[in-house]
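Examination of the molecular architecture
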Amino acid sequence: MTIRLREVIGQDRAVNALQRAIAGNRVAHAYLFEGINGCGRRTTALALVASLFCRQPVAGEACGVCPSCKKLAAGSHPDLHLLQPLPDKRDISIEQVRELQQVLSLRPFEATRKACLIEPAERMSTGAANSLLKTLEEPPGHGLLILLTNQADLLLPTVRSRCQHLRFTPLDTADLTTLLQQQGMDPAVAATVAPLAEGSLEQAGNMDNEASITSRQTLLDTLRQVRYQQVSTVFDAGERLAGNREDTLELFTLLISLLRDMVLLRSSAASLIANTFLQGRLAEEAERFLPARLMEAMDLALETRRAIQGNVSPKLALDRFLLRYSRLRTA
Ligand SMILES: [Zn+2]
């Protein structure tokens, strides 16, 4: 779906500033969008890019139907780049910034300029931030850089001063309720969750994730109970976790997330884990593996998920996984 600036909810000040810049042909080449996670910074950034990339904008806004708008909506526009920490890395590295600079120095493929979102900008290492300075001052080929941050004062002053700084406010309860309902949340749930979410759509979404939290917990508890020497525990677990193909794929997505955390805990990288609420139990389970075996369990989970995506019976694949998982642990 194409995002338009006028459709952004709850950020009138920032949006008006951008609309005026577009109308006056004064769009800056570097912006700093500051606000809490889940308040609409990224949506606004994408709407700005859409309006600039659109082949036939209507009153300064993206048309939604041209090839450029369609590619952006599909997340496949070749001239939009995202700079984020690599998976399992805390920071955006200097190498990543250099690669970006290399890409920006090329001619745009389809749009009239290239654009890059840097998120979260405060995670740029000092080296990365320093090497970005010149690009911020003068992006090649009218490139547009949009830095997203929840705390601008964590950025180097030299970075801040080269960007036009727009502040995003936490969403108010009414706007948040509207957005949650737009995303398909039941109105009663939205009304309950919105006042508690501190102005963040992201936080509101997480609060509705209780089902997912419970299923992770159940899954981990079930995993902890399987014993290779007592095969009935494996089949009991298989019975408990069995579902159709779609359910089983979802189960493996959760499982892979748990295993990833176990690998991280075994490598003393506890600060990177996703399922923090299960940290104690995950650490206990991880300790029952030799580190190399844990990696094997991870590979096995990935392989099993691929097999289920193919044509293997989900129940059979699940049982085989549980059996091999319990063997890896005791080995
Ligand atoms: Zn368009």
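All figures in this text were calculated on a predicted structure; none of them were measured in a lab.

Turning next to the overall build of the protein. Along its length, the protein carries 15 helices and five strands. Principal axes of the C-alpha set define a box for the protein whose edges measure 75 × 45 × 40 Å. Every one of the 331 residues in the protein was classed for burial, and the buried ones make up 37%. Counted over contacts in the protein with a minimum sequence separation of 6, partners at least 24 positions apart contribute 70%.

A few words now on the sheet that holds strand β5 (residues 164-167). If you trace the five strands from one edge of the open sheet to the other, you get β2-β3-β4-β1-β5, paired in parallel fashion. In this open sheet, the two strands that pair with only one neighbour each are β2 (80-83) and β5. Taken over all neighbouring pairs, the strand axes of this sheet differ in orientation by 20° on average, direction set aside. Direction of pairing for β2 relative to strand β3 (residues 115-118): parallel, over a ladder of four bridges.

For the α-helix, the turn length of 3.6 residues means that residues three or four positions removed from each other point alike. In this model, helix α14 (residues 291-309) (19 residues) spans 28 Å end to end at C-alpha, consistent with the 27 Å of a helix rising 1.5 Å per residue. Listing the buried residues of α14 in full gives L294, A297, A301, T304 and I308. Buried residues along α14 cover an arc of 75° about the axis, so they all sit on one side. Along α14, exposed side chains directed more than 90 degrees from the buried face belong to P291, A292, D299, R306 and Q309. On the buried face of α14, the contacting elements are α12 (245-266), α13 (279-287) and α15 (314-330).

Time to look at α12. Here α12 contains 22 residues, and its C-alpha end-to-end distance of 31 Å stays within 8% of the 32 Å for a straight helix at 1.5 Å per residue. Taken together, the buried positions of α12 are T248, L251, F252, L255, L258, L259, D261, M262, L265 and R266. S268 occupies a position one or two residues after α12 and carries a positive phi of about 55°.

Looking now at the packing of α12 against α13. Taken N-terminus to C-terminus, the directions of α12 and α13 make an angle of 75°; their axes are 9 Å apart at the nearest point. If you check the angle between α12 and α13, you find them roughly perpendicular. Residues L258, D261, M262, L265 and R266 of α12 touch α13, and the partners they reach there are L282, A283, E285 and A286. Taken together, the residues of the contact of α12 with α13 break down into six nonpolar, no polar and three charged.

Here R224 is to be found in helix α10 (residues 210-225). As for R224 and P108, which are separated by 116 residues in sequence, their C-alpha atoms are 52 Å apart.

Here the focus is the pairing of strand β1 (residues 30-34). Burial analysis of β1 places five of its five residues in the buried class, the great majority of the element. Direction of pairing for β1 relative to β5: parallel, over a ladder of four bridges. Its bridge partner lying in β5, L32 is registered against H165.

With that out of the way, let us pick up the packing of α14 against α15. Two elements in contact, α14 and α15, have axes whose closest approach is 10 Å; the angle formed by their N-to-C orientations is 175°. Regarding the angle of α14 to α15, the classification is roughly antiparallel. Residues R293, E296, A297, L300, A301, T304, A307 and I308 of α14 touch α15, and the partners they reach there are P314, A317, F321, R324, Y325, L328 and R329. In terms of residue class, the contact of α14 with α15 is made up of ten nonpolar, one polar and four charged.

Turning our eyes to something else, we now look at the domain arrangement of the protein. Parsing the protein into structural domains produces domain 1 (5-169), domain 2 (174-199) and domain 3 (210-330). Taken over C-alpha atoms, the centre of domain 1 sits 27 Å from the centre of domain 2. In this assembly, four residues from domain 1 lie in contact with four residues from domain 2. Per-class residue counts for the side of domain 1 that touches domain 2 are three nonpolar, one polar and no charged.

About the cut-offs
For every chain, the first residue of the written sequence is number 1, and numbering continues from 1 onward in sequence order. For a predicted model such as this one, the threshold for reporting local features is a pLDDT of at least 70, and the threshold for listing and counting side-chain atom pairs is 80 or more; totals across whole chains, interfaces and linings nevertheless cover every residue. Numbering goes from the N terminus for both helices and strands, where a helix is a DSSP run of H or I of at least four residues and a strand is a run of E of at least two. To sort residues by burial, count the other C-beta atoms lying within 10 Å of each one's C-beta; a count of 20 or more means buried, 12 or fewer means exposed, and anything in between means partly exposed. C-beta atoms are built from the backbone. Distance between backbone-placed C-beta atoms decides contact: two residues are in contact if it is within 7 Å. At least two DSSP bridges between two strands are needed for those strands to be called paired. Each axis is a line fitted through C-alpha atoms, and for a helix only the stretch in contact is used; angles between axes span 0 to 180 degrees, taken between their N-to-C directions. Given a helix with a known number of residues, its expected span is that number minus one, times 1.5 Å. In this context, the arc is that of the directions from the helix axis out to the C-beta atoms. Angle categories: roughly parallel below 35 degrees, roughly antiparallel above 145, roughly perpendicular from 65 to 115, and oblique for all the rest. Charged means Asp, Glu, Lys or Arg here, nonpolar means Ala, Val, Leu, Ile, Met, Phe, Trp, Tyr, Cys or Pro, and polar covers whatever is left, Gly included. For each domain, the first and last residues come from an automatic or database assignment.

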